[in-house]
Amino acid sequence: MFTLTALEPKEAEMRIIGVDLHTRQQTIAMWDTETKELIERTLTHDGDEVREFYSALPGQVLVGIEATGSMHWFLELLEKLGIDRQVGHPSEIRKAETRKQKHDRRDAALLLKLQIENRFPSIWMPSSELRDLRTLLMHRHQWVRMRTRVQNTLQAMAIGRGLRRGKALWSQTGQHAIASLPLLPHTAYRRNELQDLYQKLHAQIDELDKRVGDQALQRPGAKLLMSHPGVGPVTALATDVFLGDPGRFADGKAVVSYVGMVPSEYSSGGQQRLGGLSKQGNPFLRFLWCEAAVHAVRRDPGLQRFYRRKLAQKGLGKARVAAARKLGIRLWIMLRDQIDYQEFCRRGQMRQKNGGACAGMPEVGHSPAKQ
């Protein structure tokens, strides 16, 4: 069933395991390269059956799984046991199987086969520390979205009663004004509950902002990114932890493609057709870059000139995305080279004077702006 011709001599004495992972159980296909024995088994996730099985395996072990949302506990278990593991891209794994028969045993055997033949489509995985920081950022983002929904509801109630304060509605005076509106009993009850919820969410977000700021100051990469005008602790920390190792990207195009800020394409027969953004990437990082670009174009002269050109050519929406794309490439360059904003500008000016300008670099005559 399998061929070992692709195995290196060092790999010739080990156990290779393909794992089809589910929430309640996992099906494994294990190949012992020494005895040439294939073992197929199903392990339930209740109790210590999984830990006992993997901890009892002697010698070198390599585990391959397909990326799923419920895999992190299993990866942490393998890390604690000192077992090598690799995570595969789901789409690439599915391309390797042409037959329409699909079940757990076949999936596990396919993962094993790809590993043995050195065709396993491994993807980069963040460390436990990065995953924990991602959780902090996503938790804050969830609270911010909830607060925004509450604000929109209160704003609609105020406008419906002729109270138009705009952003001033969230000041102490504005909150007192909406609390003083004469409303019917059920509507008044809803207003009071929403105002209490808004205050609680606001306090929670302030606390999370402090935690994010502290974590950003502890990471050298995030500190460098915060030197760029318009980039705060949230955007800097998110860029650092979601991009991970900047060296894994070949160029700026690979970075923006990873985030999903490249156009979709439907080209054929020599005719090119470009559509909207592919959005095949991290939506949270894409959102933060677009938000940060709004502030960056006001403080960075070179980015501002670029934004105004795109605004005249493409309109507001496309100009904002183009500025966010350019900002994202800048942040990646700063991470990759471990430089701050001042050094980035100096290198960009030198590159343009030598005729080697590239995407993301500031224009000639760009004076560094203070944040």
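Residues numbered from 1 in each chain as written. Predicted model: local features only at pLDDT ≥ 70, side-chain atom pairs only at ≥ 80, totals over all residues. Heavy atoms only, no water.

(A) Structural context of the confidence of the model for the chain. Mean pLDDT over the chain works out to 90, with 92% of the residues at or above the 70 mark. Below a pLDDT of 50 lies the segment residues 1-10, which in the model reaches 20 contacts outside its immediate sequence neighbourhood of four places, other chains included. For residues 364-371, every residue scores under 50 in pLDDT, and the model assigns this stretch 25 contacts once sequence neighbours within four places are set aside. (pLDDT = per-residue confidence, 0-100. Contact = heavy atoms within 4.5 Å.)

(B) Structural view of the sheet that holds strand β5 (residues 84-88). Ordered by their spatial adjacency, five strands build an open sheet running β3-β2-β1-β4-β5, and the pairing between neighbours is mixed. Pairing within the sheet leaves two strands with one partner each, and these edge strands are β3 (37-44) and β5. The mean angle between the axes of side-by-side strands here comes to 20°, regardless of whether they run parallel or antiparallel. The sheet contact formed by strand β1 (residues 14-21) and strand β4 (residues 60-66) spans six bridges and is parallel. Paired with Ile16 across the bridge in β4 is Leu62. Relative to β4, helix α2 (residues 72-81) is tilted by about 170°, and along the sheet it contacts β1, β2 (25-32), β4 and β5. The sheet strands contacting helix α4 (residues 104-116) are β1, β2, β3, β4 and β5, and the helix crosses β1 at an angle near 140°. (Pairing = 2+ DSSP bridges. Helix = DSSP H or I, 4+ residues; strand = E, 2+ residues; numbered from the N terminus. Axes fitted to C-alpha atoms, helices over the stretch in contact; angles between N-to-C directions.)

(C) Inspection of the side chain of Thr33 at higher detail. Tracing the chain through its elements places Thr33 in the loop between β2 and β3. You can call Thr33 buried: its relative accessible area is 2%. A polar atom in the side chain of Thr33 sits 2.7 Å from the backbone nitrogen of Met14. (Buried < 20%, exposed > 50% of the residue type's maximum accessible area, 1.4 Å probe, protein only. Polar contact = N/O pair within 3.5 Å; in protein donor to acceptor, adjacent residues only side chain to side chain.)

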